[in-house]
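Letter by letter, the chains look like this.
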Amino acid sequence: MACVNPDGTLTSSAKALLSAIQDQALTPEDISKKIGQPLFKVRSSLRDMKSGGFVEAQGNAFIISKGAKKLLTRS
């Protein structure tokens, strides 16, 4: 998965995305603006992170999962 390094830590782009949605659910468009990444990359990362259990969908917005929040605070 592109959001996790081989050693099990989060990639810098995954950290940025998760930090952006740590306190509130945001749409992919809002996340893209907030972290300065192209929308296609944000959408791809969100798909990977959702399948990995890092983010949860709330309608058309996303928020960090409880498990990922703990992982983010450790890194």
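The following paragraphs examine the structure supplied in this document. (Residues numbered from 1 in each chain as written. Predicted model: local features only at pLDDT ≥ 70, side-chain atom pairs only at ≥ 80, totals over all residues. Heavy atoms only, no water.)

1. Thoughts on the overall build of the protein chain
What counts, and what does not: Where helices and strands are cited, they refer to DSSP runs of H or I of at least four residues and of E of at least two residues respectively, numbered from the N terminus. With the radius of gyration taken over C-alpha atoms, the globule rule is written as 2.2 Å times the number of residues to the power 0.38. A simple rule labels every residue: compare its accessible area, found with a 1.4 Å probe on the protein chains alone, to the largest value its type can have, and call it buried under 20%, exposed over 50%, or partly exposed in between. Contacts between residues were defined by any pair of non-hydrogen atoms, one from each residue, lying within 4.5 Å.
From N to C terminus, the protein chain includes 4 helices and 2 strands. Traced from its N-terminal end to its C-terminal end, the protein chain shows the element sequence α-α-α-β-β-α. The globule rule puts the C-alpha radius of gyration for 75 residues at 11 Å, and the 11 Å found for the protein chain is close to it. Overall size of the protein chain, expressed as C-alpha extent along the three principal axes, is 30 × 20 × 20 Å. Sorting the 75 residues of the protein chain into buried and exposed places 33% on the buried side. Contacts spanning at least 24 positions in sequence make up 48% of the contacts within the protein chain whose residues lie at least 6 apart.

2. A short note on the packing of helix α1 (residues 12-20) against helix α3 (residues 39-51)
Geometrically, a packed helix pair is captured by the angle between its two axes and the distance between the axes. How we decide: Helix axes are fitted to C-alpha atoms over the stretch in contact, other axes to C-alpha atoms as well, and angles between N-to-C directions run from 0 to 180 degrees. Roughly parallel means an angle under 35 degrees; roughly antiparallel, over 145; roughly perpendicular, 65 to 115; everything else is oblique. Side-chain classes are defined by residue name, with Ala, Val, Leu, Ile, Met, Phe, Trp, Tyr, Cys and Pro counting as nonpolar, Asp, Glu, Lys and Arg as charged, and the others, Gly among them, as polar.
Their axes nearest at 11 Å, the elements α1 and α3 cross at an angle of 85 degrees. Classified by the angle between their axes, α1 and α3 sit roughly perpendicular to one another. Only Val42, Ser45, Leu46 and Met49 of α3 make contact with α1, whose side of the interface consists of Ala14, Leu17 and Leu18. Taken together, the residues of the contact of α1 with α3 sort by class into 6 nonpolar, 1 polar and no charged.

3. Regarding the environment of Asp30
Looking at the secondary structure, you find Asp30 in helix α2 (residues 28-35). Given the relative accessible area of 36%, Asp30 is considered partly exposed. Residues Asp30 and Val42, spaced 12 residues apart in sequence, show a C-alpha to C-alpha distance of 9.9 Å.

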